Amino acid sequence: AQRVTQPEKLLSVFKGAPVELKCNYSYSGSPELFWYVQYSRQRLQLLLRHISRESIKGFTADLNKGETSFHLKKPFAQEEDSAMYYCALTNAGGTSYGKLTFGQGTILTVHP
Amino acid sequence: ETGVTQSPTHLIKTRGQQVTLRCSSQSGHNTVSWYQQALGQGPQFIFQYYREEENGRGNFPPRFSGLQFPNYSSELNVNALELDDSALYLCASSPGGSNQPQHFGDGTRLSIL
């Protein structure tokens, strides 16, 4: 069975500090990992996916298959980064693609 | 480009009733997925429709059913509502094919009394 674990329900940092949101997963096949973000009063939106290897809004995430992790990092947090963050996975190909398994989410608060 | 739209925004039902939730997919998207998000939890996959056929189902009982129409809009139907069905129901669409990320709607908040 596939599972996504986000161990921190709440995370608080000060503006300019580094931030890391943890995500661990268990999956027997070949996964594709995502980070979704939900800002206040907005819909859930894709932040980044591991196959793109992009940096979005200063965030990066590296898939570590050995540690089965996909932690989200940003070197200098901004107040506008305050939001709910969800880690999610799906099968990397075939008919199962797009059936996302989500973690429970981490609420990030960036203080001024 | 029109995004994913869901209706209604909020709904209140009582135990044992039936409910239909609606979703219009983003223009050009032929795949629709439905998720249930209970309070304080991440979204949970219910099922997915691709070109009007069910294309996978999560761990939900048969009283959760769906439809996809030729214009790729979709309905989620829930029969014999239970208190635990109270949740935010999210619809997401994608262009189909492989490796296409999903775009989510705002959701329908369903409350069961």
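This section reports on the structure supplied with the text.

1. Considering the pattern of salt bridges
Between side chains of opposite charge, pairing is possible as soon as their charged atoms come close.
Phase 1 of the analysis: Enumeration according to the criterion identifies nine salt bridges over all chains in this entry.
Phase 2 of the analysis: The salt bridge involving A:Lys22 is made with A:Glu20; its shortest N-O contact spans 3.2 Å.
Phase 3 of the analysis: Among the residues examined, A:Lys22 registers a relative accessible area of 30% and is labelled partly exposed.
Phase 4 of the analysis: You can call A:Glu20 partly exposed: its relative accessible area is 30%.
Phase 5 of the analysis: Of the charged contacts in the structure, one is a salt bridge between B:Glu75 and B:Arg22, with a shortest N-O distance of 3.5 Å. Here B:Arg22 lies in strand S3 (residues 19-24) and B:Glu75 lies in strand S8 (residues 74-78), a separation of 53 residues in the sequence.
Phase 6 of the analysis: One network of salt bridges, in which partners are shared, links A:Glu20, A:Lys22 and A:Lys73.

2. Observations regarding unusual backbone geometry
Residues and elements named next belong to chain B.
Phase 1 of the analysis: Along the chain, Ser7 connects to Pro8 via a cis peptide bond; the corresponding omega equals -10°.
Phase 2 of the analysis: With respect to the helices and strands, Pro8 occurs in the loop between strand S1 (5-7) and strand S2 (10-13).
Phase 3 of the analysis: For Glu52, which is not glycine, the phi torsion reads 75° and is therefore positive.
Phase 4 of the analysis: Considering the arrangement of structural elements, one finds Glu52 in the loop between strand S5 (44-50) and strand S6 (53-57).

3. Observations concerning the side chain of B:Ser74
All names here are of chain B.
Phase 1 of the analysis: Residue position: Ser74 is located in strand S8.
Phase 2 of the analysis: Of note is the side chain of Ser74, whose polar atom sits 2.8 Å from the backbone oxygen of Leu67.
Phase 3 of the analysis: Sequence-distant contacts of Ser74, that is, excluding residues within four places in its chain, are made with Leu21, Arg22, Cys23, Val32, Trp34, Leu67, Gln68 and Phe69.

4. Here's the deal with the packing of aromatic side chains
Residue and element names in this part refer to chain A.
Phase 1 of the analysis: This model, assessed by the stated rule, comprises 11 aromatic pairs over all chains.
Phase 2 of the analysis: Here Tyr36 and Phe102 contribute two aromatic rings whose centre-to-centre distance is 5.7 Å and whose plane-to-plane angle is 55°, an arrangement assigned as tilted. One end of the pair, Tyr36, is in strand S5 (residues 31-38); the other, Phe102, is in strand S10 (residues 101-102), and 66 residues separate them in sequence. The residues Tyr36 and Phe102 share a single accessibility class, namely buried.

5. What to know about the sheet that holds strand S7 (residues 64-68) of chain B
Backbone-to-backbone hydrogen bonds pair the strands of a sheet. The strands run either parallel or antiparallel.
Residues and elements named next belong to chain B.
Phase 1 of the analysis: Taken together, four strands build an open sheet; the order of strands is S1-S3-S8-S7 and the sheet is antiparallel. Looking at strand neighbours, the two that pair on one side only are S1 and S7, the edges of this open sheet. Along the sheet, successive strands turn relative to each other by an average axial angle of 20°, direction set aside.
Phase 2 of the analysis: Here S3 runs beside S8; their pairing, made up of five bridges, is antiparallel. Its bridge partner lying in S8, Cys23 is registered against Ser74.

6. Focus: the environment of B:Cys91
All names here are of chain B.
Phase 1 of the analysis: By secondary structure assignment, the location of Cys91 is in strand S9 (residues 87-94).
Phase 2 of the analysis: Along the sequence, Cys91 and Arg109 sit 18 residues apart, while their C-alpha atoms lie 12 Å from each other.
Phase 3 of the analysis: Apart from the residues lying within four places of it in its own chain, the contact partners of Cys91 are Val4, Gln6, Cys23, Val32, Ser33, Trp34, His103, Phe104 and Gly105.

About the thresholds
Residues numbered from 1 in each chain as written. Chains lettered and ligands numbered in written order. Predicted model: local features only at pLDDT ≥ 70, side-chain atom pairs only at ≥ 80, totals over all residues. Heavy atoms only, no water. Salt bridge = Lys/Arg side-chain N within 4 Å of Asp/Glu carboxyl O. Buried < 20%, exposed > 50% of the residue type's maximum accessible area, 1.4 Å probe, protein only. Helix = DSSP H or I, 4+ residues; strand = E, 2+ residues; numbered from the N terminus. Polar contact = N/O pair within 3.5 Å; in protein donor to acceptor, adjacent residues only side chain to side chain. Contact = heavy atoms within 4.5 Å. Phe/Tyr/Trp six-rings, centres within 6.5 Å; stacked < 30°, edge-to-face > 60°. Pairing = 2+ DSSP bridges. Axes fitted to C-alpha atoms, helices over the stretch in contact; angles between N-to-C directions.

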